[in-house]
Amino acid sequence: MKRFLSVAIFVLALTVTGCGDKYVTEEYNVRTKTIHYTVKSTDWHRGSDVAGPYLYYAFDEPELTANIINQGLVAAYMRLEGQFTPLPFEDFRIGENGYLYSEQVTCEFRTGEATFIFKTSDHILEPEFDYDFTLRIIW
């Protein structure tokens, strides 16, 4: 019993005081690149998966090398009303008939390509405007 109590007090002390170490790595000579894209409302391509139909547009992007995808950082944003909004993005919309639906915009990366994807919860795929996107690449 005494041993159990000693172990319990030791564990409690570690929990309260903590044993965690912080390890920080600083990297120098970091390179960045920002790339802007526009997808016109009429330029989307139609696709379909088990969840239903969607729209997509794939850009050839030679900056997306295997090294950057595996060891760098790629962040995608949508420019909406002058603001950068990180992807994935989801928001509720009200259609002309007063029907509430959600709109989702995402981005997928693979070597040499960035694909932007547009989905709606009602599966009526009619983008209302041109979409502006930005990729920020750090390596």
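For the structure, check the block above.
Residues numbered from 1 in each chain as written. Predicted model: local features only at pLDDT ≥ 70, side-chain atom pairs only at ≥ 80, totals over all residues. Heavy atoms only, no water.

What follows concerns the nonpolar core. Formed by 24 residues in total, the largest nonpolar core has its most connected members in Leu87, Phe116, Phe133 and Leu135. For phenylalanine 133, the contacting residues outside a window of four places in its chain are Ile35, His36, Tyr37, Val39, Trp44, Tyr77, Met78, Arg79, Leu87, Val105 and Phe116. (Core = buried A, V, L, I, M, F, W, Y, C linked by side-chain atoms within 4.5 Å. Buried < 20%, exposed > 50% of the residue type's maximum accessible area, 1.4 Å probe, protein only. Contact = heavy atoms within 4.5 Å.)

Turning to the pattern of salt bridges, a few remarks are in order. Going through the model one piece at a time under the given rule, you end up with five salt bridges. A salt bridge links arginine 79 to aspartate 132, with the nearest nitrogen and oxygen atoms 3.9 Å apart. Placement of arginine 79 in strand β4 (residues 73-80) and of aspartate 132 in strand β9 (residues 131-138) is noted, with a sequence separation of 53 residues between them. By relative accessible area, which is 27% here, arginine 79 ends up partly exposed. Taking the relative accessible area as the measure of exposure, aspartate 132 reaches 26% and is therefore partly exposed. A salt bridge links glutamate 113 to arginine 110; the nearest nitrogen and oxygen atoms lie 2.7 Å apart. For arginine 110, a relative accessible area of 46% puts it in the partly exposed group. (Salt bridge = Lys/Arg side-chain N within 4 Å of Asp/Glu carboxyl O. Helix = DSSP H or I, 4+ residues; strand = E, 2+ residues; numbered from the N terminus.)

Enumeration according to the criterion identifies 13 aromatic pairs in this entry. The interplanar angle of 40° and the centroid separation of 4.4 Å between the aromatic rings of tyrosine 37 and phenylalanine 59 together place this pair among those described as tilted. With tyrosine 37 in strand β1 (residues 32-39) and phenylalanine 59 in strand β3 (residues 52-60), the pair connects residues that are 22 residues apart, well separated along the chain. Accessibility expressed as a relative area gives 6% for tyrosine 37, which makes it buried. (Phe/Tyr/Trp six-rings, centres within 6.5 Å; stacked < 30°, edge-to-face > 60°.)

Now for the pairing of β9. In this structure, β1 lies alongside β9, joined through eight bridges in antiparallel fashion. By the bridge assignment, tyrosine 37 is partnered in β9 with phenylalanine 133. Across seven bridges, the pairing between β4 and β9 is antiparallel. Within the sheet, the bridge partner assigned to alanine 75 lies in β9 and is arginine 136. (Pairing = 2+ DSSP bridges.)

Now for the sheet that holds β9. With antiparallel pairing, four strands are arranged side by side in an open sheet as β1-β9-β4-β5. The open sheet terminates on both sides in strands that have one partner only, identified here as β1 and β5 (83-86). Sheet twist, expressed as the mean angle between neighbouring strand axes with direction ignored, is 30°. As judged from the four bridges shared by β4 and β5, these two strands associate in the antiparallel manner. In the strand pairing of β5, arginine 79 is matched with phenylalanine 84. (Axes fitted to C-alpha atoms, helices over the stretch in contact; angles between N-to-C directions.)

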